[in-house]
Amino acid sequence: MKTACIFDLDGVIVDTAKYHYLAWKRLANSLGFDFTEHDNEKLKGVSRIESLKLILRLGGKQLSAEEFEAALTRKNGWYLEYIQKIGPEEILPGAAEFLQSAKAKGMKVALGSASKNAVLILERIGLVNEFDAIVDGNKVSQAKPDPEVFLKAAQELAVDAEQCVVFEDAVAGVQAALNAKMAVVGIGEASVLHAAHTVLANFSGLSVDDVLARLPA
Ligand code: B16
Ligand code: MG
């Protein structure tokens, strides 16, 4: 029986990918190359460090260890600037209502995000007190598709992996949930997230019962 929901943050609860993109593009431009929205798709769910490695590969650029650290700090500074303005209006369609439907059913809810800015974002959008557990990029050492973030969330909720349903927008995140032996609902396009047990365009008009009915028992 499914008794817990674990939500990814960026791309599931809130659309912060566009702000990550603006900050990475600004960094790439400052290093002398461009970074397109198409390339940004590859960064969804990918940790900050792995994202920078990927961008540098795309730009054919190498940095010393000090320069690499400085670049991460610069990018995050710009990202924080961009997300200063976000509020509850940036919650993705139906996500807050869906979260409430899971809680009303007595399910436990956790956040499982790669972002080190997750708590700040949850505060800005007014959802920080809605979760029974928050596991973010500050609490894990292995990036998705490693299952660490979701296994830690299950541990904090005191439930077994098979009791959990993960909601993920990224291919790496779907794989992380499968690696954790959890049920996984993709949020986005079925053609991209085909490994998930089921895929929704978004949460609009759906309750947790609607979604549980679409999962294998
Ligand atoms: P930060 P998620 C991920 O969040 C984003 O999808 C990814 O683009 C970002 O690089 C990563 O968090 C790290 O974020 O720089 O804020 O620590 O989708 O796992 O909620
Ligand atoms: Mg995501």
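Residues numbered from 1 in each chain as written. Chains lettered and ligands numbered in written order. Predicted model: local features only at pLDDT ≥ 70, side-chain atom pairs only at ≥ 80, totals over all residues.

The line we're drawing: UniProt positions are given in the numbering used here, feature names are shortened, and annotations may be inferred rather than shown by experiment.
Per an unreviewed UniProt entry, the protein chain carries the name Beta-phosphoglucomutase and comes from Undibacterium nitidum. The protein chain has a UniProt comment under Sequence similarities (unreviewed entry) that states "Belongs to the HAD-like hydrolase superfamily. CbbY/CbbZ/Gph/YieH family."

## Remarks on the domain arrangement of the protein chain
For the record, the criterion: For every domain, the bounds stem from an assignment made automatically or drawn from a database. Two residues qualify as a contact pair if the distance between their C-beta atoms, derived from the backbone, is within 7 Å. Only runs of H or I of at least four residues qualify as helices and only runs of E of at least two qualify as strands under DSSP, and these elements are numbered from the N terminus. Each residue receives one of three labels: charged for Asp, Glu, Lys and Arg, nonpolar for Ala, Val, Leu, Ile, Met, Phe, Trp, Tyr, Cys and Pro, and polar for the others, Gly being one of them.
Split into domains, the protein chain comes out as domain 1 (4-15 + 91-212) and domain 2 (17-83). The C-alpha centroid of domain 2 is placed 24 Å from the C-alpha centroid of domain 1. If you look at the interface, domain 1 gives 15 residues, while domain 2 gives 9 residues. Of all the secondary structure elements, the ones that give two or more residues to the side of domain 1 that touches domain 2 are helix H6 (118-124) and helix H8 (171-179). By residue class, the composition of the side of domain 1 that touches domain 2 is 5 nonpolar, 3 polar and 7 charged.

## Regarding the packing of helix H3 (residues 48-59) against helix H4 (residues 65-83)
The relative placement of two packed helices comes down to the angle between their axes together with the axis-to-axis distance. Rules: Axis geometry follows a simple rule: fit a line to the C-alpha atoms, using only the stretch in contact for helices, then measure angles between N-to-C directions, giving values from 0 to 180 degrees. Angles are sorted into four bins: roughly parallel if under 35 degrees, roughly antiparallel if over 145, roughly perpendicular if 65 to 115, and oblique for all others.
One can describe the packing of H3 onto H4 by two numbers: an axis separation of 11 Å at closest approach and a directional angle of 110°. Considered as vectors, H3 and H4 are oriented roughly perpendicular to each other. In this structure, H3 uses Arg48, Ile49 and Leu52 to contact H4, whose residues at the interface are Phe68, Ala71, Leu72 and Asn76. The residue makeup of the contact of H3 with H4, split by class, is 5 nonpolar, 1 polar and 1 charged.

## Some details on the UniProt feature "active site" (unreviewed entry) in the protein chain
As a reminder of what qualifies: With C-beta atoms placed from the backbone, a residue is labelled by how many other C-beta atoms lie within 10 Å of its own: buried for 20 or more, exposed for 12 or fewer, partly exposed between the two.
According to UniProt, the "active site" (unreviewed entry) feature falls on Asp8 and Asp10. Judged by local crowding, Asp8 falls into the buried class, with 29 C-beta atoms found within 10 Å. Secondary-structure assignment places Asp10 in the loop between strand E1 (4-7) and helix H1 (17-30).

## Things to note about the site of ligand 1
Convention followed: Think of it this way: take the backbone, place a C-beta atom on it, and check whether that atom is within 6 Å of the molecule or strand, in which case the residue is near it.
In the vicinity of ligand 1 lie 20 residues, with Leu9, Asp10, Ser113, Ala114 and Lys116 positioned nearest. Across the shell around ligand 1, the residue classes tally to 5 nonpolar, 10 polar and 5 charged. In terms of domain composition, the shell around ligand 1 takes at least three residues from each of domain 1 (4-15 + 91-212) and domain 2 (17-83).

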